[in-house]
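Examining the three-dimensional arrangement
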Amino acid sequence: MVFEEDDEVVLHDQHSEYDGDVGTITQVMETMFGDATYTVSFEDGQEQGVPEDSLEATSE
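Described in the following lines is the structure provided in the data block. Along each chain, the written sequence defines residue order, and numbers are assigned to residues from 1. Confidence filtering applies because this is a predicted model: local features only for residues at pLDDT of at least 70, side-chain atom pairs given and counted only at 80 or more, and all residues used for totals across whole chains, interfaces and linings. Computation of side-chain values: all heavy atoms of the structure, hydrogens and water removed.

**A closer look at the packing of aromatic side chains**
Centre distance within 6.5 Å is the pairing criterion for rings of Phe, Tyr and Trp, where only the six-membered ring of Trp is used; planes under 30 degrees apart are then read as stacked, over 60 as edge-to-face, and the remainder as tilted. Inspection of the entire model under this criterion finds two aromatic pairs. Measuring from ring centre to ring centre gives 5.8 Å for Phe 3 and Tyr 38, while their planes differ by 85 degrees; the resulting arrangement is edge-to-face. Here Phe 3 is found in the segment before strand 1 (8–11), whereas its partner Tyr 38 is found in strand 3 (residues 36–42), with 35 residues between them in sequence. The exposure class assigned to Tyr 38 is buried, which follows from its relative accessible area of 0%. Look at Tyr 18 and Phe 42: their rings are 4.4 Å apart centre to centre, the planes differ by 5 degrees, and that puts the pair in the stacked class. Placement of Tyr 18 in the loop between strand 1 and strand 2 (22–30) and of Phe 42 in strand 3 is noted, with a sequence separation of 24 residues between them. Just as Tyr 18 is buried, Phe 42 falls in that class too. In this description a helix means any DSSP run of H or I spanning at least four residues, a strand means any run of E spanning at least two, and both kinds are numbered starting from the N terminus. Throughout, exposure labels follow a simple rule: accessible area from a 1.4 Å probe, protein chains only, divided by the maximum for the residue type, with under 20% read as buried, over 50% as exposed, and the rest as partly exposed.

It is worth stressing that arrangement in space is one thing and function is another; only the former is reported here.
As structure tokens, then:
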């Protein structure tokens, strides 16, 4: 699934302090391999360089 800025997502990364938290995508960056990575903002911080497979769309 491709995400866009302002999408709300759940982060799944056991190494992140935001694992399981809902955040908002604030930036989409394309790698030199054509893949997308994301910056996700949370209430008290942000996580950068998040790969698409670590994100899940929230049910709206």
